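Working through the structure, step by step
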Amino acid sequence: MSTSSHDRLLIIDFGSQVTQLIARRARELHVYCEIHPFQKVTEDFLRQFAPRAVILSGGPASVFDEGAPHPPEAVFSLGVPVLGICYGQQVMMQMLGGRVERGHGTAEFGRAFVTPSGAESALLEGWFAQGPEQVWMSHGDHVAELAPGFRVLATSPGAPFAIVEDPKRHFYAVQFHPEVHHTPNGRRLLENFMRLAGFTGDWTMGAYKEEAIRKIREQVGDRRVICGLSGGVDSSVAAVLIHEAIGDRLTCVFVDHGLLRQGEAEEVVSMFRDHYNIPLIHADESELFLGELEGVSDPETKRKTIGRLFIDVFQKYAGQIEGAEFLAQGTLYPDVIESVSFSGGPSVTIKSHHNVGGLPEKMGLKLVEPLRELFKDEVRALGRELGLPESFIGRHPFPGPGLAIRCPGEITREKLEILRRADAIFIDQIRRHGLYDEIWQAFVAILPVKTVGVMGDGRTYDYACALRAVTSVDGMTADYYPFSHEFLGETATRIINEVKGINRVTYDITSKPPGTIEWE
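All figures in this text were calculated on a predicted structure; none of them were measured in a lab.

Conventions and cut-offs
- Residues numbered from 1 in each chain as written.
- Predicted model: local features only at pLDDT ≥ 70, side-chain atom pairs only at ≥ 80, totals over all residues.
- Heavy atoms only, no water.
- Helix = DSSP H or I, 4+ residues; strand = E, 2+ residues; numbered from the N terminus.
- Rg over C-alpha atoms; globule rule 2.2 N^0.38 Å.
- Buried < 20%, exposed > 50% of the residue type's maximum accessible area, 1.4 Å probe, protein only.
- Contact = heavy atoms within 4.5 Å.
- Areas by Shrake-Rupley, 256 points an atom, 1.4 Å probe, with all protein chains shown as cover.
- Lys, Arg positive; Asp, Glu negative; His and termini not counted.
- Charge placed at Lys NZ, Arg CZ, Asp CG, Glu CD.
- Pairing = 2+ DSSP bridges.
- Polar contact = N/O pair within 3.5 Å; in protein donor to acceptor, adjacent residues only side chain to side chain.
- Core = buried A, V, L, I, M, F, W, Y, C linked by side-chain atoms within 4.5 Å.
- Expected span 1.5 Å × (residues − 1).
- Salt bridge = Lys/Arg side-chain N within 4 Å of Asp/Glu carboxyl O.
- Axes fitted to C-alpha atoms, helices over the stretch in contact; angles between N-to-C directions.
- Left-handed = near helix turned anticlockwise from the far one by under 90°.
- Nonpolar A, V, L, I, M, F, W, Y, C, P; charged D, E, K, R; others polar.
- Phe/Tyr/Trp six-rings, centres within 6.5 Å; stacked < 30°, edge-to-face > 60°.
- Lys NZ or Arg CZ within 6 Å of the ring centre and 35° of its normal.

Section: the overall build of the chain
Scanning the chain from N- to C-terminus turns up 14 helices and 20 strands. Over its C-alpha trace the chain gives a radius of gyration of 25 Å, about what one expects of a compact globule, namely 24 Å for 520 residues. Considering only C-alpha atoms, the chain reaches an extent of 75 × 65 × 40 Å along its principal axes. Counting across all 520 residues of the chain, residues that qualify as buried make up 57%. Of the contacts made within the chain by residues no fewer than 6 positions apart, 75% connect residues no fewer than 24 positions apart. Accessible area for the chain stands at about 21700 Å²; split by element, carbon and sulfur atoms hold 50% of it. Both charge centroids of the chain, one from 52 positive and one from 69 negative side chains, sit 1 Å from each other.

Shown next, in the form of structure tokens:
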């Protein structure tokens, strides 16, 4: 709750897998918002946060479950607009005097079409001009009776109250998910809600840059900062931002963990030392990392080992920088959200993020995380505000654990060298064909299996690899990129001919979900 100078939207999370997309849509509309788990939203919290509007997210629970999640009743007495989405609609109706029923044949999952009731509402501006609107439904229970003061704006075959409103109190609710891409006109509905709530769209990267610089100066004072530089867009933007705030009191530590792409270490050192003149320590600790990872095949163990070693290395080099009291990281908002259980209990962890969470007290360093309120595309916009070159800002995301999680199974130096060469060819092919900017992320994974092949007149027994390229808006969902067969054939031929150690190339066409973008 640190960006108090902006009108703020509060998103109360009930555990939906797509809650982040609500925040993305709000940010696209230049509305500052924060997601908070329902159990943390108390009356005191609401007073301090002072939202201009509230959105109640979807979620996997049923209002009939014992201990079903609820927002505090104070949400409905704040005098601000409230929008309930899916489970958010159901819990709103239940709390305000309506009635919810269990599925009983009216469950809807997937595409559906909603039809207007005929009632006019500013919430529906730009909707139904061409007839029924396609939406994405995902509900078992449904609202059976509206709370007093509400009226129906639209219906669907399985949801007689698909869109409803109480115009006097500015309460709105939908049974579907307007935040997902499968509701093509959903952004317009959310935009209408933001307008009804009186948001002015004052969330811009230019304003954020100035605020962030001021906050860094306030937090750091005249002390020194050590920045963990990975060479990716996030940590690089964080470093340039902090350097603009405090100048040479920032020292970057670039940890070369031996898991970087081909030529990457040299590129990073050259850009920061030569172009930005930022004090930089190039810490080649590849022997340490690869030694600790030897024999490790479990992906969570890999991530946690790398995270632990990063902290050890920072501690080692921080001790060489006189007066260093802060450690800067390129933590982003999705990292923060994905690493927190919405229920506060033992919910499923998809994967650990090595750069999230408090540092061990023994380090004696405080955290500076100037990007932890931003999504990936906002970081790129901030990078442009800071003058970073477009060729760098537009780079595909690269994970902190590096090639370790693109090497399923045991990591060896031989496999890493094979992987680097294959990955470089794949990216070169994508650039040659002018496809780089159409793709969110592309890489090669070397598989923990060898296959029989024939090269010339001889038998080979070498590794198989998988090409992975996806399109995405925010990294939360992703589809595979539809390369032509000619491109895939040409790329496979180059990799097999130019990379000793690979004799079979596959293309991964799994979407997210059910898969993740990275293999581990």
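This is not the end of the story, as more comes after the structure.
Digging into the pairing of strand 11 (residues 171–174)
Neither face of strand 11 is open: one carries Phe171 and Ala173, the other Tyr172 and Val174, and all of them are buried. Relative to strand 11, strand 4 (residues 82–85) is paired through four bridges, and the arrangement is parallel. Paired with Ile85 across the two strands is Val174, which belongs to strand 11. In terms of strand pairing, strand 10 (residues 159–166) meets strand 11 through four bridges, oriented antiparallel. Paired with Val164 across the two strands is Ala173, which belongs to strand 11.

Some words on the side chain of Arg420
With respect to the helices and strands, Arg420 occurs in helix 13 (residues 413–432). Overall, the relative accessible area of 13% leaves Arg420 in the buried class. Reaching out from Arg420, the side chain makes a polar contact with the side chain of Glu417 at a distance of 2.6 Å. Aside from chain neighbours lying at most four places away, what touches Arg420 is Gly258, Leu259, Leu260, Arg261, Gln262 and Leu403.

A word on the nonpolar core
Core analysis: the biggest nonpolar cluster contains 94 residues, and Phe272, Leu371, Leu382, Phe426, Ile430 and Phe483 have the highest contact counts within it. The greatest single-element share of this core, amounting to nine residues, is contributed by helix 6 (residues 233–246). The contact partners of Phe272, leaving out residues within four places of it in the chain, are Leu229, Ser236, Ala239, Val240, Asn277, Ile278 and Leu280. Within the second largest apolar cluster, 39 residues are counted, among which are Ala26, Val31, Met194 and Phe375.

Considering helix 9 (residues 299–318)
Between the first and last C-alpha of helix 9 there are 28 Å, a value that for 20 residues agrees with the 28 Å anticipated at 1.5 Å per step. Along helix 9, the residues classified as buried are Lys302, Arg303, Thr305, Ile306, Gly307, Leu309, Phe310, Ile311, Val313, Phe314, Tyr317 and Ala318. Along its buried surface, helix 9 packs onto strand 12 (224–229), strand 13 (250–256), strand 14 (280–284), helix 8 (286–293) and strand 15 (324–328). At the N-terminal end of helix 9, a side-chain oxygen is found 3.3 Å from the backbone nitrogen of Glu300, two or three residues along, and the residue is Asp298.

Notes on the pattern of salt bridges
Per the counting criterion, the structure on display carries 34 salt bridges. A salt bridge links Glu378 to Arg27, with the shortest nitrogen-to-oxygen separation between them at 2.7 Å. With Glu378 in helix 11 (residues 376–385) and Arg27 in helix 1 (residues 19–28), this pair connects stretches of sequence that are 351 residues apart. Exposure remark for Glu378: the relative accessible area of 7% places this residue in the buried category. Taking the relative accessible area as the measure of exposure, Arg27 reaches 4% and is therefore buried. A salt bridge links Glu417 to Arg420; the shortest N-O distance between them is 2.6 Å. On the criterion of helical spacing, the pair formed by Glu417 and Arg420 is a turn pair, its members being three residues apart in helix 13. A relative accessible area of 39% means that Glu417 is categorised as partly exposed.

Concerning the packing of helix 5 (residues 205–220) against helix 6
Two elements in contact, helix 5 and helix 6, have axes whose closest approach is 9 Å; the angle formed by their N-to-C orientations is 65 degrees. Judged by the sense of rotation from one axis to the other, the crossing of helix 5 with helix 6 is right-handed. Where helix 5 abuts helix 6, its residues Lys209, Ala212, Ile213, Ile216, Arg217 and Val220 lie against Leu241, Ile242, Glu244, Ala245 and Ile246. Residues belonging to the contact of helix 5 with helix 6 are distributed by class as follows: eight nonpolar, no polar and three charged.

Some words on the packing of aromatic side chains
Per the stated rule, a full pass over the model turns up 17 aromatic pairs. For the pair Phe76 and Phe171, a centre-to-centre distance of 5.6 Å together with 70 degrees between the ring planes defines the contact as edge-to-face. Separated by 95 residues along the polypeptide, Phe76 in the loop between strand 3 (53–56) and strand 4 and Phe171 in strand 11 bring together distant segments of the chain. A network of ring pairs unites the aromatic residues Phe426, Tyr480, Tyr481, Phe483, Phe487 and Tyr507 as a single cluster. Looking at Arg8, its charged tip hangs above the ring of Phe49, at a distance of 4.3 Å from the centre. Here the basic side chain of Lys366 rests over the ring of Phe326, its NZ or CZ set 5.3 Å away from the ring centre.

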